[in-house]
Amino acid sequence: MLAELKQRRAIRQFKTREVERDKIETLLEAATYAPNDRMREPWHFYVIQGDSLKRYEQVALDYLQKRFPTKPHLVESSMKAITHTPLIIVVTSAIVDGDSGATKDNTFAVSSAIMSMWLMAEQLGLGMVWRTRGVGLVHDTALHTFIGASDAEQLVGTLCIGYPAEEIESTKKRTPFTEKTTWL
Ligand SMILES: Cc1cc2nc3c(=O)[nH]c(=O)nc-3n(C[C@H](O)[C@H](O)[C@H](O)COP(=O)(O)O)c2cc1C
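All of these numbers come straight from a predicted model, not from anything done at the bench.

## Some words on the sheet that holds strand β2 (residues 87-94)
Strand order in this open sheet of 4 strands is β1-β2-β4-β3, and the pairing throughout is antiparallel. In the strand order of this sheet, the two ends are held by β1 (43-48) and β3 (127-131), each with one partner. Strand-to-strand twist of the sheet, defined as the mean angle between neighbouring strand axes without regard to direction, takes the value 25°. In this sheet, β2 lies alongside β1 in antiparallel orientation, the contact comprising 6 bridges. Across the sheet, the residue bridging to Phe45 is Val91, located in β2. The strands touched by helix α3 (residues 50-67) are β1, β2 and β4 (153-162); relative to β1, the strand with the most contacts, the crossing angle is about 95°.

So, in structure tokens, the structure goes:
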């Protein structure tokens, strides 16, 4: 298991090849086995491919052009993050009205679900990156509106998925746990 965890990578370049339906369903099934407080199963998945991906691209382009009106090169380079992605899954977490603790726990559970999807993706020969910033649009209302999420949902991750088209570095930099651990 440690070897698999060390091998997992954020993959940002994908082949144009479509991701098969059964693989997408395996990813979604893997997510649903994540630990979650009081079995609220607080996740919802929005699968975006084909025509809906083209519409997503337009939403992202509008957002970036509005945000960076004087930086067309930045807009163009940012858009590359999704224009070469065959599959996007947006994952939301349920907001528990009047209970910020439970709402936070839901976000933790959804984060666990996303990690399960990431590991599952690698096992299926797929690459994935969890995006929040830029075209990830997690911190803006545009994507929330586009997918038709309710007010009782918050976006946690925009998962860009596909067959990897990049070389994977052999070494992965991490601070040793000894520097991040206090033994009490
Ligand atoms: C909550 C979260 C948000 C992230 N947002 C972005 C993002 O917006 N854009 C991006 O390129 N990568 C994003 N990443 C991926 C990280 O950059 C990546 O995991 C990190 O560089 C470590 O690399 P590794 O995943 O290959 O170990 C995000 C990861 C997490 C967990």
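## Description of the packing of helix α2 (residues 21-32) against helix α5 (residues 100-123)
Across the interface, α2 lies against α5 with an axial gap of 8 Å and an inter-helix angle of 140°. Taken together, the axes of α2 and α5 are oblique relative to one another. Note on packing geometry: the crossing formed by α2 with α5 is right-handed. Residues Thr26, Leu27, Leu28, Ala30 and Ala31 of α2 lie in contact with α5, whose contacting residues are Ala113, Ser116, Met117, Met120 and Ala121. Looking at the contact of α2 with α5 residue by residue, the classes come out as 8 nonpolar, 2 polar and no charged.

Conventions used here
The residue count restarts for each chain, going from 1 along the sequence in the order it is written. It should be noted that, the model being predicted, local features are given only for residues of pLDDT at least 70 and side-chain atom pairs only at 80 or more, the latter also being counted only at that level, while totals for whole chains, interfaces and linings use all residues. The basis for every side-chain value is the complete set of non-hydrogen atoms in the structure, without hydrogens or water. Any two strands between which DSSP finds at least two bridges are classified as paired. By the criteria applied, helices consist of DSSP H or I runs no shorter than four residues and strands consist of E runs no shorter than two, each listed in order from the N terminus. To get an axis, a line is fitted to the C-alpha atoms, and for a helix only the part in contact is used. The angle between two axes follows their N-to-C directions and goes from 0 to 180 degrees. A contact between two residues is defined here by any heavy atoms of the two lying within 4.5 Å. An angle counts as roughly parallel when it lies under 35 degrees, as roughly antiparallel when it exceeds 145, as roughly perpendicular when it falls between 65 and 115, and as oblique in every other case. If you view the pair so one helix is near and one far, a crossing is left-handed when the near helix is turned anticlockwise from the far one by less than a right angle, and right-handed when it is turned clockwise. Polar here means any residue outside two lists: the nonpolar Ala, Val, Leu, Ile, Met, Phe, Trp, Tyr, Cys and Pro, and the charged Asp, Glu, Lys and Arg; Gly therefore counts as polar.

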